[in-house]
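# Breakdown of the fold
Spelled out, the chains give:
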Amino acid sequence: MSRKPDIQTMLWMYKHMVLSRRYEEALAEAYLEGKQPLFNMANGPLPGEMHLSNGQEPCAVGVCAHLLDHDVVTATHRPHHIAIAKGVNLRAMTAEIFGKQTGLAGGRGGHMHLIDPAVNFACTGIVGEGLAPAAGAALARKMRGEDGIAVAFIGEGAANQGAFHETLNLAAVWNLPFVCVIEDNSYGISVPKGAATSVLHNDVRAASYGIRGYHVEGNDPLRIYEVAGEAIERARAGKGPSLIEIETYRLAGHFMGDAESYRPAGEKDALFARDPIPKFRQELVDAGAASSDDLLWIEEDAKSCVAELIDFAKAEAYAPVQEALEKVFV
Ligand SMILES: Cc1ncc(C[n+]2csc(CCOP(=O)(O)OP(=O)(O)O)c2C)c(N)n1
Ligand SMILES: [Mg+2]
């Protein structure tokens, strides 16, 4: 049932991993403007928290490579890699992150609240909050007899929220075209998974709801692609929801400014040694899927695309102060 991606898809996956990484590097640089030497989160062009997803790119591309614009994706407070892989409008997304009025939500949402109806993508800073709306979207598609499935990305910490269990229960009862993807990066802020979750892998929880559970090791985009392909194909065929837990890792802190003192000595070095981007690049070369020209072009294209996005967003205008309370709950 599951299958490996063709060369075009592999290149698409690699390209979006590189774009995501360069995008977050540029955001990190802009984030630190005005925040040094003393780190003050309120300063600079990007005030507030910033959660980077570097290291977790394989999860986004391995799943989103199977999705179409009309499929719904909800994501988390760590959304950039998923938004990029889902095809969110990057100019409007970057303007949103910089708080500008041409942003996806008029600059009111910031980096944790990106919404792009054109590709059915939304994310939220509330842990576990994307689950029920994604299942609701799946229910709507089923009731209307429309094509399309819904995927909720969450962190492993969110699998301990009530919304996780309630959503999986109803998704199973209603046999929804729904896939829950858990990005297990081992930590919820500073809390290791084992201190918050009674089972080693959350996919075993799928059995409680009578749905299919998958566990993916290795942070490997190709393996994720295969497993997600099977789950998504089942959802499209009316065979019901599934749960995929992917072992991944974040190369950065929980948010920028995190001292990461909770990590065991040597953990960061070990993670960087397993960085999925150079690993995938080598696999593409070994498989004859990419020439050095292809790889150079992908790298250069990502860099110039990101530079253009940041310049664009910085130059955009903020919403007028008198409109600050419009389009928000007060
Ligand atoms: C309902 C809710 N509770 C607590 C928080 C504070 N909070 C933000 S991120 C986070 C940890 C989330 O961990 P996980 O789901 O594993 O995602 P990760 O940050 O590892 O990507 C917490 C507790 C929140 N935003 N929402
Ligand atoms: Mg986590």
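Residues numbered from 1 in each chain as written. Chains lettered and ligands numbered in written order. Predicted model: local features only at pLDDT ≥ 70, side-chain atom pairs only at ≥ 80, totals over all residues. Heavy atoms only, no water.

### Focus: the nonpolar core
Within the largest apolar cluster, 67 residues are counted, with the highest numbers of intra-cluster contacts made by Val63, Met93, Phe121, Val151 and Ile244. Element by element, the count of residues in this core is highest for helix α1 (residues 7–32), at 13 residues. Listed in part, the 21 residues of the second largest apolar core include Val72, Ala135, Ala159 and Ala206. (Core = buried A, V, L, I, M, F, W, Y, C linked by side-chain atoms within 4.5 Å. Buried < 20%, exposed > 50% of the residue type's maximum accessible area, 1.4 Å probe, protein only. Helix = DSSP H or I, 4+ residues; strand = E, 2+ residues; numbered from the N terminus.)

### Topic: the coordination of the magnesium ion (ligand 2)
Coordination sphere of the magnesium ion (ligand 2), protein contribution only: Glu156 (OE), Glu156 (OE), Asn185 (OD1) and Tyr187 (O), at 2.2 to 2.8 Å. Each of the 6 donor atoms bound to the magnesium ion (ligand 2) contributes to angles spanning 50 to 176°, and the resulting shape is irregular. Counting gaps between the donor residues of the magnesium ion (ligand 2) yields the pattern E-x28-N-x1-Y. Placement of Glu156 in the loop between β4 (150–155) and α6 (162–173) and of Asn185 in the loop between β5 (178–184) and β6 (187–188) is noted, with a sequence separation of 29 residues between them. Accessibility assignment for this pair places Glu156 and Asn185 in one class, buried. (Donors = N, O, S within 2.8 Å, 3.2 Å for Na, K, Ca; no water. Tetrahedral: all angles 85-135°; square planar, octahedral: opposite > 155°, others 65-115°.)

### Notes on the packing of helix α4 (residues 90–97) against helix α10 (residues 292–315)
Running from N to C, α4 and α10 cross one another at 50°; their axes reach a closest spacing of 9 Å. The orientation of α4 relative to α10 falls into the category oblique. The element α4 and its partner α10 pack so that their crossing is right-handed. Facing Leu90, Arg91, Thr94 and Ala95 of α4, the residues of α10 in contact are Glu308, Leu309, Ile310, Phe312 and Ala313. For the contact of α4 with α10, the per-class residue count stands at 6 nonpolar, 1 polar and 2 charged. (Axes fitted to C-alpha atoms, helices over the stretch in contact; angles between N-to-C directions. Parallel < 35°, antiparallel > 145°, perpendicular 65-115°, else oblique. Left-handed = near helix turned anticlockwise from the far one by under 90°. Contact = heavy atoms within 4.5 Å. Nonpolar A, V, L, I, M, F, W, Y, C, P; charged D, E, K, R; others polar.)

### Topic: the site of ligand 1
In the neighbourhood of ligand 1, 15 residues make up the surrounding shell, with His77, Arg78, Gly125, Asn185 and Tyr187 lying closest. In the environment of ligand 1, a nitrogen atom lies 2.9 Å from a nitrogen or oxygen atom belonging to the backbone of Gly125. One nitrogen or oxygen atom from the main chain of Val127 is found 3.1 Å from a nitrogen atom belonging to ligand 1. Protein chains shield 71% of the accessible area of ligand 1, which is 580 Å² for the free molecule. Taken together, the residues that form the shell around ligand 1 break down as 5 nonpolar, 8 polar and 2 charged. (Near = heavy atom within 4 Å. Polar contact = N/O pair within 3.5 Å; in protein donor to acceptor, adjacent residues only side chain to side chain. Areas by Shrake-Rupley, 256 points an atom, 1.4 Å probe, with all protein chains shown as cover.)

### Side note on the packing of aromatic side chains
Inspection of every chain in the model, using the stated rule, returns 3 aromatic pairs. Considering the side-chain rings of Tyr14 and Phe280, the 6.0 Å spacing of their centres and the 70° angle between planes classify their relative orientation as edge-to-face. Of the two residues, Tyr14 is situated in helix α1 and Phe280 in helix α9 (residues 276–286); the sequence distance between them amounts to 266 residues. A single burial state applies to Tyr14 and to Phe280, both of which are buried. Ring centres of Tyr31 and Phe39 lie 6.2 Å apart, and the angle between their planes is 45°; this geometry places the pair in the tilted category. What makes Phe39 partly exposed here is its relative accessible area of 38%. Over the face of the ring belonging to Phe312 we find Arg91, whose NZ or CZ atom lies 4.2 Å from the ring centre. (Phe/Tyr/Trp six-rings, centres within 6.5 Å; stacked < 30°, edge-to-face > 60°. Lys NZ or Arg CZ within 6 Å of the ring centre and 35° of its normal.)

### Some details on the pairing of strand β1 (residues 72–75)
Across the two faces of β1 the burial is the same, with Val72 and Thr74 and Val73 and Ala75 all buried. Alignment of β1 against β4, held across 3 bridges, turns out to be parallel. Looking across to β4, one finds that Val72 is bridged to Ala150. Here β1 pairs with strand β3 (residues 121–123) via 3 bridges, running parallel. Residue pairing across strands places Val73 opposite Phe121, the latter belonging to β3. (Pairing = 2+ DSSP bridges.)

### What to know about the environment of Cys123
Here Cys123 shows up in strand β3. Counting along the chain gives 10 residues from Cys123 to His113, while the straight-line C-alpha distance between them is 5.4 Å.

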